Amino acid sequence: DWSSNTVSFSPLISPSQPGEGLVLRPLCTADLDRGFYKVLSQLTVAGDVTEEQFKANFEHMKKSGDYYVIVVEDTNLGQIVATATLIIEHKFIHACAKRGRIEEVVVSDVCRGKQLGKLLVSALTLLSKKLQCYKVTLECAPKNVEFYKKFGYSASDETYMQCRF
Ligand code: 16G
C-alpha cells in the first residue's frame with residue numbers, strides 16, 4: 001500500500017492515476033522546458049540555470065543513484081505541476097544504514113486541492129522504507145507541520161540548525 005494508513009485519499013487518486021490528464025513519473029531532461037524551474041520557484045529562489053548546468057547537475061544525481069526526483073506533468077499543457085525529491089544518505093552508523101531526506105516538495109498553485117502533495121510525500125516516504133532507510137526526515141515551514149504529521153512525521157528533540165552562505 002503506497003499510502004500511509006493515517007492518510008486518506010480520494011479513491012480515484014494513486015501514483016498510476018494521479019488525476020485527469022496528470023502523470024506521476026521520474027524527472028527527465030526535457031522537463032527543463034516544461035516549467036520545472038517555474039514550479040521550484042514557488043518554493044524558494046530557484047535561480048537562473050543554463051541547460052548545460054541543469055544537465056550536468058542532473059547527470060551527477062543520476063550517476064550517484066541516490067536521488068529520486070519525481071514530477072507530476074499535466075499532459076494536456078505539457079507542463080510540470082508538482083515535484084518532490086528523495087535523497088538517500090549513506091551512513092556508517094546503525095550498521096551502515098541509509099537515511100532518507102525528503103526535499104523540494106512543491107505543488108504549483110494552479111494545481112492546489114488535487115491532493116498532489118499527499119501523493120508525492122506518500123510515495124517518497126514509502127520508497128524510503130522500501131529502500132530500507134532507518135529513518136526519513138524533512139525540514140518544513142511551521143505552517144506545514146500538521147500536513148507532514150499525517151504521514152507519520154513528528155517533531156524531534158533535535159534542533160534544526162543551519163549556517164547560510
Ligand atoms: C523547504 C523544503 C526544503 C527546501 C527548502 C528551501 C520540503 C519538505 N522542504 O524547507 O526541501 O530545500 O524549503 O528553502 O520541501 P531555502 O531556499 O530557504 O533553503
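So, a few notes on the structure that sits alongside this text. These figures come from a predicted structure and were not determined experimentally.

Structural notes on the site of the ligand
So, step 1. If you check the shell around the ligand, you find Leu43, Thr44, Glu103, Glu104, Val105, Glu139, Tyr148 and Arg164 and nothing else.
So, step 2. At a separation of 2.4 Å, an oxygen atom of the ligand approaches a polar side-chain atom of threonine 44.
So, step 3. At a separation of 2.7 Å, an oxygen atom of the ligand approaches a polar side-chain atom of glutamate 104.
So, step 4. In isolation the ligand has 450 Å² of accessible area, and contact with the protein removes 70% of it.
So, step 5. A total of 3 residues in the shell around the ligand trace back to one element, the largest contributor, which is strand S4 (residues 98-107).
So, step 6. When grouped by side-chain class, the residues that make up the shell around the ligand number 3 nonpolar, 1 polar and 4 charged.

Here we look at helix H2 (residues 51-64)
So, step 1. Between its first and last C-alpha atoms H2 spans 20 Å; for 14 residues at 1.5 Å apiece the expected length is 20 Å, and the two agree.
So, step 2. At the exit of H2 stands glycine 65, carrying a positive phi of roughly 75°.

Some words on unusual backbone geometry
So, step 1. You will see that cysteine 96, though not glycine, has its phi angle at about 55°, which is positive.
So, step 2. Relative to the assigned elements, cysteine 96 resides in helix H3 (residues 93-96).
So, step 3. Here cysteine 96 falls in the exposed class, since its relative accessible area comes to 57%.
So, step 4. The phi dihedral of glutamine 132 is positive, around 65°, even though this residue is not glycine.
So, step 5. Relative to the helices and strands, glutamine 132 resides in the loop between helix H4 (116-130) and strand S5 (133-137).

What about the state of the cysteines?
So, step 1. Considering all chains together, one arrives at 0 disulfides under this definition.
So, step 2. No disulfide involves cysteine 133; its sulfur sits 14 Å from that of cysteine 96, the nearest cysteine.

Some words on the environment of isoleucine 93
So, step 1. Summarising the element assignment, isoleucine 93 is placed in helix H3.
So, step 2. Residue isoleucine 93 is classed as partly exposed on the basis of its relative accessible area, which comes to 46%.

The rules we used
Residues numbered from 1 in each chain as written. Predicted model: local features only at pLDDT ≥ 70, side-chain atom pairs only at ≥ 80, totals over all residues. Heavy atoms only, no water. Near = heavy atom within 4 Å. Polar contact = N/O pair within 3.5 Å; in protein donor to acceptor, adjacent residues only side chain to side chain. Areas by Shrake-Rupley, 256 points an atom, 1.4 Å probe, with all protein chains shown as cover. Helix = DSSP H or I, 4+ residues; strand = E, 2+ residues; numbered from the N terminus. Nonpolar A, V, L, I, M, F, W, Y, C, P; charged D, E, K, R; others polar. Expected span 1.5 Å × (residues − 1). Buried < 20%, exposed > 50% of the residue type's maximum accessible area, 1.4 Å probe, protein only. Disulfide = S-S within 2.5 Å.

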